[in-house]
Every structure is written in structure tokens, then in C-alpha cells.
Amino acid sequence: MEKQTKSKDRVRDYGEVFTNEREVKAMCDLVKDETERIDSRFLEPACGDGNFLAEILKRKLAVVKTKYKKSPLDYEKNAVLAATSIYGVDIMADNVEACRNRMFEIWNKEYTAVCKKDANDQTRDAVKFIFQKNIVCGNALTLKKVDKDGNELKEPIVFSEWAFITGSNLQRKDYTFDELLNSDKKQLTIKEDDEGTFLRQYITHYRRVQDYE
């Protein structure tokens, strides 16, 4: 059985307790249809090292494989789309780093297995960048970023909304986290007329999203 705590101090100071795999699967099954929809967005405000996010990613990639395994390009685009749809916040920097690495390892293992010789490092770098943007170190209660020592900063948490718009072009729009929370839907959705701050927008080929930071 996986450990549910890292230390007594972290439990005392941050209330950090990890959810077992059995409970993760059972809870994801409650929204099974959404976890298997490639573009359905999920946000975990206390993601730890990614138990819930990893399970959701695996389910999405299984659907991508079933639908698009015969076409490496279609598989690649939809696997990227699956990655863009998953978001996480955690107050512990080591958890955030572990979560990002875990998510990429899951994604890359499936991508390499399906696309084989058609897999390329530029797409891998793009997905690493997407997880870097989507999984952030911050306090979901105050909506502020935190530093590596857990100290709250003045900077607001910022997330990116990703969407394929024409062919292989991927649009990225950055918003402050309060915009996401003030959405009028249960899903993580973003609209420019919601309360909050729209920051910037980029449009580029999905393999080059990492060129715009």
C-alpha cells in the first residue's frame, strides 16, 4: 500500500495526507464520463504529487489510444489536448515538481509506445512546458503563488487555457486563478467577461508552445 503521509511535520503544518489508489479510482468513477472525455478540464486545488491527476491522465490517454492509434499525427494532437486539460495547485514545491515529472512520464510512455518512430522531442518539450504551466506552486485558498519554502508571494496564481483553433495551431490564453474560480460552470472554464484578469494570448503550432514564455 502506498504511503499516505511523508512526515508528521507536513501533516501538522499543511494537513498533507495522500489519497490511496483505490479511493482515487472510486472517486474518478463517480465522474467516469468526464474523465474519459479528452478535452474535459480538471483542476485539483491540493494536487500533492498527482494521484488524482495521474489517474485522470491515464484514462484520457486510453481513450486517445483507442480512437487514434492508427494515425500517429492524430494521436499526437489529441494526446497533447489531453495534457492541456489537466490542472493542479499545491503549496509544497517538491510535490509540484514530482507531479509535473510524474505526469510527463505517464504521457511520454504512452506517446512513445503508440507513435514509435514518429514520436519527436519537440512535442515532448511542448508537453513538458504545458505541465509546467498547468501545475503550479501556490495557495489555492489565497489564490497566490508561493516560493520553494512555502512563503506566500504577492503574485497571483496564473493558469493558461489551451485550445486548438485551426489545424495544428494551439491557442493559449493566460488568466489569473480568480477568473477560473468565478466561472459559472462546474467545469474549469474561462470566459473573458468573468470577474478576473485576462493577461495575454499566444497562438502557435502545438509543437512550439514552449517558444512563448
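Small disclaimer: the values here were computed from a predicted structure and weren't measured.

What counts as what
Residues numbered from 1 in each chain as written. Predicted model: local features only at pLDDT ≥ 70, side-chain atom pairs only at ≥ 80, totals over all residues. Heavy atoms only, no water. Helix = DSSP H or I, 4+ residues; strand = E, 2+ residues; numbered from the N terminus. Buried < 20%, exposed > 50% of the residue type's maximum accessible area, 1.4 Å probe, protein only. Contact = heavy atoms within 4.5 Å. Areas by Shrake-Rupley, 256 points an atom, 1.4 Å probe, with all protein chains shown as cover. Pairing = 2+ DSSP bridges. 1 Å grid on protein atoms, 1.4 Å probe; cavity = no way out; pocket = protein on both sides within 12 Å on 5 of 7 lines; lining within 4 Å. Points joined across faces, edges and corners; volume = space filled by probe spheres on them. Nonpolar A, V, L, I, M, F, W, Y, C, P; charged D, E, K, R; others polar. Phe/Tyr/Trp six-rings, centres within 6.5 Å; stacked < 30°, edge-to-face > 60°.

## Some points on the overall build of the protein chain
Within the protein chain, the regular secondary structure consists of eight helices and eight strands. The proportion of buried residues among the 213 residues of the protein chain is 45%. When contacts within the protein chain are restricted to residue pairs at least 6 apart in sequence, long-range pairs at least 24 apart make up 63% of them. Summed over all atoms, the accessible surface of the protein chain reaches about 11,400 Å², with 49% contributed by carbon and sulfur.

## Examining the pairing of strand 2 (residues 86-90)
Burial analysis of strand 2 places five of its five residues in the buried class, which makes it a mostly covered element. The alternating pattern of strand 2 places Ile-86, Gly-88 and Asp-90 on one face and Tyr-87 and Val-89 on the opposite face, and all of these are buried. Summarising the sheet, strand 1 (residues 42-44) and strand 2 pair through three bridges and their orientation is parallel. Bridge pairing in strand 2 links Leu-43 to Tyr-87. Summarising the sheet, strand 2 and strand 3 (residues 135-139) pair through three bridges and their orientation is parallel. Residue pairing across strands places Gly-88 opposite Ile-135, the latter belonging to strand 3.

## Description of empty space enclosed by the protein
Counted according to the given criterion, the structure contains one cavity of 30 Å³ or more. Lining the largest cavity are Trp-162, Leu-170, Arg-172, Tyr-202, Thr-204, Val-209 and Tyr-212. Contributing elements (two or more residues each) for the lining of the largest cavity: strand 7 (169-176) and strand 8 (198-205). Here the lining of the largest cavity is composed, by residue class, of five nonpolar, one polar and one charged.

## Considerations on the packing of aromatic side chains
Under the definition given, this model contains seven aromatic pairs. With a centroid separation of 6.5 Å and an interplanar angle of 85°, the aromatic rings of Phe-129 and Trp-162 are classed as edge-to-face. With Phe-129 in helix 7 (residues 121-134) and Trp-162 in strand 6 (residues 158-166), this pair connects stretches of sequence that are 33 residues apart. Phe-129 gets classed as buried once you look at its relative accessible area, which sits at 11%. The class of Trp-162 is buried, set by a relative accessible area of 3%.

Read these as geometric descriptors, not functional statements.
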